[in-house]
Amino acid sequence: MCGIVGYIGKNNAKDVIIEGLKKLEYRGYDSAGIAINQGGKLKIKKHVGGIQNLENLIKKEDMESHLGIGHTRWATHGAPSDLNAHPHVSMDGNIAVVHNGIIENYVELKEMLKKEYSCEFYSDTDTEVIAKLIGVLYEGDLVDAVYKAVDMMRGAYAIGAISASEDDKLVAVRKDAPLIAGIGDGENYIASDIPALLKFVKEIYLIENNETLVVTADKVSIFDENRNPVEREVFHVTWDADAAEKGGYDHFMLKEIHEQPKALEDTLSRRLGEDGLINLDGISMTKDEIENFSKIYIVACGTAYHAGLVGKTLIEKYVKVPVEIDVASEFRYRDPFVDDKTLFIAISQSGETLDTLEALRVAKRKGARVLSIVNVVGSTVARESDDVFYTWAGPEIAVASTKAYTTQLMCLYLLSLHMGLTKGTLERAKYDAVIEELKAVSDKIRLILKDSAKIEKLTKKLYNRDNIFFIGRGLDSAVAYEGSLKLKEISYINSFAIAAGELKHGTIALMAPGTLVISLATQDKLFEKMRSNMQEVIARDADIVSIAKEGNESIEEQSEAVIYIPECADEITPLLSIVPLQLFAYYVAKRRNCSIDKPKNLAKSVTVE
Ligand code: M6R
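Below you will find a few notes about this structure.

Criteria and cut-off values
- Residues numbered from 1 in each chain as written.
- Predicted model: local features only at pLDDT ≥ 70, side-chain atom pairs only at ≥ 80, totals over all residues.
- Heavy atoms only, no water.
- 1 Å grid on protein atoms, 1.4 Å probe; cavity = no way out; pocket = protein on both sides within 12 Å on 5 of 7 lines; lining within 4 Å.
- Points joined across faces, edges and corners; volume = space filled by probe spheres on them.
- Nonpolar A, V, L, I, M, F, W, Y, C, P; charged D, E, K, R; others polar.
- Phe/Tyr/Trp six-rings, centres within 6.5 Å; stacked < 30°, edge-to-face > 60°.
- Helix = DSSP H or I, 4+ residues; strand = E, 2+ residues; numbered from the N terminus.
- Buried < 20%, exposed > 50% of the residue type's maximum accessible area, 1.4 Å probe, protein only.
- Lys NZ or Arg CZ within 6 Å of the ring centre and 35° of its normal.
- Near = heavy atom within 4 Å.
- Polar contact = N/O pair within 3.5 Å; in protein donor to acceptor, adjacent residues only side chain to side chain.
- Areas by Shrake-Rupley, 256 points an atom, 1.4 Å probe, with all protein chains shown as cover.
- Sits in = over half its atoms within 2 Å of the grid points.
- Salt bridge = Lys/Arg side-chain N within 4 Å of Asp/Glu carboxyl O.
- Disulfide = S-S within 2.5 Å.
- Pairing = 2+ DSSP bridges.
- Right-handed = clockwise from strand over helix to strand, strands pointing away.
- Contact = heavy atoms within 4.5 Å.

**As for empty space enclosed by the protein**
Where empty space is left in the structure can be found by rolling a water-sized probe over the atoms.
Thought 1: Summed over the entire model, instances satisfying the criterion amount to 3 cavities of 30 Å³ or more.
Thought 2: When its volume is computed, the largest cavity comes out at roughly 280 Å³.
Thought 3: Surrounding the largest cavity, 26 residues form its lining, D193, I194, P195, S350 and V376 being those nearest its centre.
Thought 4: When its residues are assigned to classes, the lining of the largest cavity shows 13 nonpolar, 6 polar and 7 charged.

What follows is the structure in structure tokens.
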């Protein structure tokens, strides 16, 4: 989604802002812009396309200034264009605004501004409405005008504003869209995301909903919706700037695929005690509660939802409690059966996905206990949950999620094992056996990664297929969904995943010569059934590439090619079988010259509905 960076202080605002915006490029964007206060006048430059276009535009300009705001835009209202790019300005050009999110009542506000103040609009955006609104409410005090404007707006937003006539401050406000402030020495910052500021500061304030920030070079002040000052603890960021660099890999996605063994070790070791038991430090869910949950909901979006599909199987197996899983955008508009005996598990890498956040709020209102599995420490989902089970994946920059997915899986294994043992529905011997398997996972992934070249070679003859299906049974079907999403989002190949047993109920009509089917066949106990489904596909002259456990050579006669994963228990395979699928998607996309880290139309963090 969109990104915001703002700066005030002793250095040149333009340099800080451009540097910060570059760190937000991974979020996906279609235009960028900057506004600075230069000697009491606003100078605004914006350009459709990448940050590079904006940089080229301002290269020869005098952009010296101590105060400015910048933005990368991901279009919601109005096509990507120079005119629709942020910042937008008030009628008199005195105020510039950048904005993430959506103003729901922008149409009525626009009509009011036209009618009562004769405002003219040059863009299609809702953001321009904010700028004009603050402008007409401005009476020499930017903070006051922002407060008054916010009172009239509905929607989700993080807004940054500067005024030509107040060169000592920038003002920002947050409602349902992420916003942070960076604390420097004689300089201060605002941003929508931590990576934007990693190079400059490690100490930040996490801004809550309905809070307004007034930032001068010497001070960051936070106020609540009634204009009362708010005390906030400083949050120390532990990621270093290098973690957000490519480190020699061609793409962030490839780097992040290779980071999985370490990320999984980190996620496991943070929770595993020397006695082999899982410590739930920082999680206050009691034994009584675990015993008394009558139902568990897992709710998430995209890849995180696919991790939840695996989680459902694990929890039902170990904890013996019914688990419902739903995509967040559906859950929130149903009337789900949630009560105070429900455990609601939200899964989110960013912790800022609006659909997931709203679903969580629905569950909370209905009395559920909310536990989230989140990667970004201090994100909104984390802050609004009763308990947080953090993944230790580190910053995930590529839009296509990889290490976040496998670490989410690891959390779900650990959580379900812990709950099963606590409740007595899982025997210690079985528990210990699964823990041993989990400890061995990282080295097994290293073996798969070592063999990447084979997968790359395989893509040579497959990368230009028009349709690719993913099939599997049991846990393999959950992984099939994720493998298919990975492929389609970065290669733009039409890809579809289905539980293998469902094929014959309709989708098999699409099997034809030239169709490629990736068949996940790692579940020993379902293998014979899977073999029959593969036979159905072969009978329609489609080609099969199989994913199977090492030693299963019999599958070769049904497959064009087989990618083997190391031997492991059936229930562990999702942690391994997804890795060749991530590599397959990556190399196919690379051969097709796609923009791997920033696929078209997609954004890393989806903070709109
Ligand atoms: O940050 P979240 O985990 O809440 O994001 C949810 C989805 O938008 C995300 O998993 C998306 O599907 C991935 N980028 C796909 O690779």
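**Here we look at the packing of aromatic side chains**
Thought 1: Evaluation of the coordinates by the stated rule reveals 7 aromatic pairs.
Thought 2: When the ring of F331 is compared with that of F344, the centres are 5.3 Å apart and the planes differ by 55 degrees; the resulting orientation is tilted. With F331 in helix α10 (residues 328–331) and F344 in strand β17 (residues 342–348), the pair connects residues that are 13 residues apart, well separated along the chain.
Thought 3: On the basis of relative accessible area, F344 is assigned to the buried category, the value being 0%.
Thought 4: Taken together, the ring pairs in this structure connect Y7, Y189 and F200 into an aromatic cluster.
Thought 5: It is K132 that lies over the ring of F121; its NZ or CZ is 5.6 Å from the centre.

**Description of the site of the ligand**
Thought 1: Taken together, 14 residues surround the ligand, and among them S348, Q349, S350, T353 and E489 come closest.
Thought 2: T303 places a main-chain nitrogen or oxygen 3.1 Å from an oxygen atom of the ligand.
Thought 3: Its free accessible area being 410 Å², the ligand has 91% of it covered by the protein chains.
Thought 4: Here the ligand is seated within the largest pocket.
Thought 5: Listing elements by their share of the shell around the ligand, those giving two or more residues are α9 (302–319) and α16 (475–491).
Thought 6: For the shell around the ligand, the class distribution of residues is 5 nonpolar, 7 polar and 2 charged.

**Focus on the pattern of salt bridges**
Thought 1: Applying the stated criterion across every chain, the model contains 44 salt bridges.
Thought 2: A salt bridge links E61 to K43; its shortest N-O distance comes to 3.3 Å. You can see E61 sitting in the loop between α2 (51–58) and β4 (67–73) and its partner K43 sitting in strand β3 (residues 41–48), a full 18 residues away along the chain.
Thought 3: On the accessibility criterion, E61 (30% relative accessible area) is partly exposed.
Thought 4: In this structure, K486 engages E489 in a salt bridge whose closest nitrogen and oxygen atoms are separated by 3.2 Å.

**Let's talk about the state of the cysteines**
Thought 1: For the structure on display, the rule yields 0 disulfides.
Thought 2: For C2, which is in no disulfide, the shortest distance to another cysteine sulfur is to C301 and amounts to 18 Å.
Thought 3: Exposure remark for C2: the relative accessible area of 9% places this residue in the buried category.
Thought 4: Here C411 is not disulfide-linked; the sulfur of C301 is the nearest cysteine sulfur, at 18 Å.

**Observations regarding helix α5 (residues 142–152)**
Thought 1: Across the 11 residues that make up α5, a large majority, 8, are buried.
Thought 2: Regarding α5, the residues found buried are L142, V143, D144, A145, V146, Y147, A149 and V150.
Thought 3: Regarding α5, its N-cap is D141, as a side-chain oxygen of that residue lies 3.1 Å from the backbone nitrogen of V143 further along.

**Considerations on the pairing of strand β18 (residues 369–374)**
Thought 1: With 6 of 6 residues buried, β18 is to be regarded as a mostly interior element.
Thought 2: Here β18 shows two buried faces, one formed by R369, L371 and I373 and the other by V370, S372 and V374.
Thought 3: As paired elements, β17 and β18 share 6 bridges and run parallel to each other. What sits directly across from L343, in β18, is R369.
Thought 4: Where the polypeptide runs from β17 across helix α11 (residues 354–365) and back to β18, its parallel neighbour, the crossover connection is right-handed.
Thought 5: Pairing analysis gives 4 bridges linking β18 to strand β19 (residues 387–390), with the strands arranged parallel. Residue pairing in the sheet places S372 in a bridge with V388 of β19.

**Remarks on the environment of L526**
Thought 1: Position of L526 among the secondary structure elements: in the loop between β22 (516–521) and α17 (527–538).
Thought 2: Those residues in contact with L526 that lie beyond four places of it in its chain are R473 and G474.

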